[in-house]
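Overview (structure and organization)
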Amino acid sequence: MVDIASMVLGSFQDSLDAAFGSSLGWITGHLILVGAATLMALAIRNRDHVINQSGFSRGTLVDIAATTAATVVLSGIFVNTFGWSGTPALALALASALSLRWLVLILE
């Protein structure tokens, strides 16, 4: 049998195999993948409803994307340039990105 779940889920699939055994772990991992694919298909098919009824405007989504991009960039700088470990770098990057977002909104 092809084990797609191991390729996609990685070490989580190994944890499922350890918890449930190889057969039931294989089934569980593939059911997780089928469920995720089904949810994505439903979201894509109903995207107009999701967009119109979610309460998020285009500006909100751009704001979220910009804050996420700033967090990723700052985290990369903190880890690669300063040699910090991942968790503190991510926490400081998130705090810095949110502070930068607040500063831009206030000065706007």
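Above this text is the structure in question.
Residues numbered from 1 in each chain as written. Predicted model: local features only at pLDDT ≥ 70, side-chain atom pairs only at ≥ 80, totals over all residues. Heavy atoms only, no water.

Another point: the overall build of the chain. Broken down by element type, the chain carries six helices and zero strands. For the chain, the α and β elements follow one another from N to C terminus as α-α-α-α-α-α. Relative to the compact-globule value of 13 Å for 108 residues, the chain shows a C-alpha radius of gyration of 20 Å, a clear excess of over 25%. Along the three orthogonal principal directions, the C-alpha set of the chain runs to about 60 × 45 × 20 Å. (Helix = DSSP H or I, 4+ residues; strand = E, 2+ residues; numbered from the N terminus. Rg over C-alpha atoms; globule rule 2.2 N^0.38 Å.)

Let us now look at the packing of aromatic side chains. One pass over the structure, following the stated rule, counts three aromatic pairs. Put simply, the rings of Phe 78, Phe 82 and Trp 84 pair up and form one aromatic cluster. (Phe/Tyr/Trp six-rings, centres within 6.5 Å; stacked < 30°, edge-to-face > 60°.)

So, on to the side chain of Thr 71. Position of Thr 71 relative to the elements: it lies in helix α5 (residues 58-80). Of note is the side chain of Thr 71, whose polar atom sits 2.8 Å from the backbone oxygen of Thr 67. Among residues more than four places away in sequence, those in contact with Thr 71 are Leu 90, Ala 93, Leu 94 and Ala 97. (Polar contact = N/O pair within 3.5 Å; in protein donor to acceptor, adjacent residues only side chain to side chain. Contact = heavy atoms within 4.5 Å.)

Attention now goes to the packing of helix α2 (residues 11-20) against helix α3 (residues 22-45). Packing of α2 against α3 leaves a shortest axis separation of 7 Å and a crossing angle of 140°. Judged by the inter-axis angle, α2 sits oblique to α3. As for the relative orientation of α2 and α3, their crossing is right-handed in sense. Seen from α2, the contacting residues are Phe 12, Gln 13, Leu 16, Asp 17 and Phe 20; seen from α3, they are Ser 22, Leu 24, Gly 25, Trp 26, Thr 28, Gly 29 and Ile 32. Here the residues of the contact of α2 with α3 sort into six nonpolar, five polar and one charged. (Axes fitted to C-alpha atoms, helices over the stretch in contact; angles between N-to-C directions. Parallel < 35°, antiparallel > 145°, perpendicular 65-115°, else oblique. Left-handed = near helix turned anticlockwise from the far one by under 90°. Nonpolar A, V, L, I, M, F, W, Y, C, P; charged D, E, K, R; others polar.)

Once that is clear, we can look at a nonpolar patch on the surface. Side chains of Leu 100, Trp 102, Leu 103, Val 104, Ile 106 and Leu 107 sit close together on the surface and give an oily, nonpolar patch of about 650 Å² of accessible area. In this structure, Leu 100 sits in helix α6 (residues 86-107). (Patch = residues over 30% accessible without salt bridge, like charges linked within 9 Å, V, L, I, M, F, W, Y side chains within 5 Å. Areas by Shrake-Rupley, 256 points an atom, 1.4 Å probe, with all protein chains shown as cover. Salt bridge = Lys/Arg side-chain N within 4 Å of Asp/Glu carboxyl O.)

Turning our attention to α3. Between its terminal C-alpha atoms α3 stretches 34 Å, which fits the 34 Å expected from 24 residues at 1.5 Å a residue. When we look at burial in α3, the residues that qualify are Gly 25, Gly 29, His 30 and Leu 33. Buried positions along α3 lie against α1 (4-9) and α2. (Expected span 1.5 Å × (residues − 1). Buried < 20%, exposed > 50% of the residue type's maximum accessible area, 1.4 Å probe, protein only.)

Running from amino to carboxyl end, α5 crosses α6 at an angle of 140°, the nearest separation of the two axes being 8 Å. Judged by the inter-axis angle, α5 sits oblique to α6. Crossing hand, α5 versus α6: right-handed. Packed against α5, whose contacting residues are Asp 63, Thr 67, Ala 70, Thr 71, Leu 74, Ser 75, Phe 78 and Val 79, the element α6 presents Gly 86, Ala 89, Leu 90, Leu 92, Ala 93, Leu 94, Ser 96, Ala 97, Leu 98 and Arg 101 at the interface.

Don't take any of this as a statement about function, it's just geometry.
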